[in-house]
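# Structure at a glance
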Amino acid sequence: MNGVPSQSRNAAIYPGSFDPMTRGHLDVIERAAAIFDTVVVAVVVNPQKREPLFTLDEREEMIREAVSHLPNVQVTHFRGLLANFVRHAGATVIVKGLRVVSDFESEMSTALMNRSLSGVDTVFLPSDPKWSFVSSTLVKEVYNLGADVADYVPPAVLNVMRSKRPEPRPA
Ligand code: PNS
């Protein structure tokens, strides 16, 4: 787990499960990278969710490839409390994307808890409407049922998905 570079005045952490990273995630990262000096994409280890489709290494590697055009973006992982990671990393802000209003309802209390624990605020970036219906969960569901997910994930992710299940099943 790396910290943010010491010269970064505005260092953002973008945390998530990224199982897998979607085009919506990438859009948020690109826009955050244009606002903050540094963006650290932090993949959570052992999320309190079902067994992930991708290993931690796979998720980190796919994200690294997808953000390789963004020089101020780094990729790492963290365990346990995000608030602890954010403090130890020296981040000045947490970034979260909001796709729909229901995201805001849960993210609001999370943001307040994270600020209470770490003193670090959360900045919300609205999802591009183009991606507002795209979530990792839905991508996995339609992929598992045979859909082509090329429109919803970056090419780096698609390649790994195709290597796990070479061809989409016909409808
Ligand atoms: O992509 P996700 O699954 O929506 O990301 C959720 C994530 C990783 C940001 C959230 O589960 C998290 O912060 N986990 C770390 C544990 C933690 O700090 N929990 C308390 C939050 S107030």
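One structure accompanies this document, and this report is about it. (Residues numbered from 1 in each chain as written. Predicted model: local features only at pLDDT ≥ 70, side-chain atom pairs only at ≥ 80, totals over all residues. Heavy atoms only, no water.)

### Brief notes about helix 3 (residues 82–89)
Every buried residue of helix 3 is accounted for by L82, A83, F85, V86 and A89. One side of helix 3 carries all its buried residues, which in axial view fall inside an arc of 165°. Considering only its buried residues, helix 3 is in contact with strand 1 (11–16), strand 2 (38–44), strand 3 (73–78), strand 4 (93–98) and helix 4 (101–118). Residue G90 follows helix 3 closely and has a positive phi angle near 75°. (Buried < 20%, exposed > 50% of the residue type's maximum accessible area, 1.4 Å probe, protein only. Helix = DSSP H or I, 4+ residues; strand = E, 2+ residues; numbered from the N terminus. Arc of directions from axis to C-beta. Contact = heavy atoms within 4.5 Å.)

### Re the side chain of S127
By secondary structure assignment, the location of S127 is in the loop between strand 5 (121–126) and helix 5 (136–144). Among residues more than four places away in sequence, those in contact with S127 are R31, L98, R99 and S132.

### Description of the sheet that holds strand 2
Sheet architecture is open: five strands sit in the order 3-2-1-4-5, paired in parallel fashion. At either end of the open sheet lies a strand with only one pairing partner, and these are strand 3 and strand 5. The average undirected angle you get between the axes of adjacent strands in this sheet is 30°. As judged from the six bridges shared by strand 1 and strand 2, these two strands associate in the parallel manner. Within the sheet, the bridge partner assigned to Y14 lies in strand 2 and is V41. (Pairing = 2+ DSSP bridges. Axes fitted to C-alpha atoms, helices over the stretch in contact; angles between N-to-C directions.)

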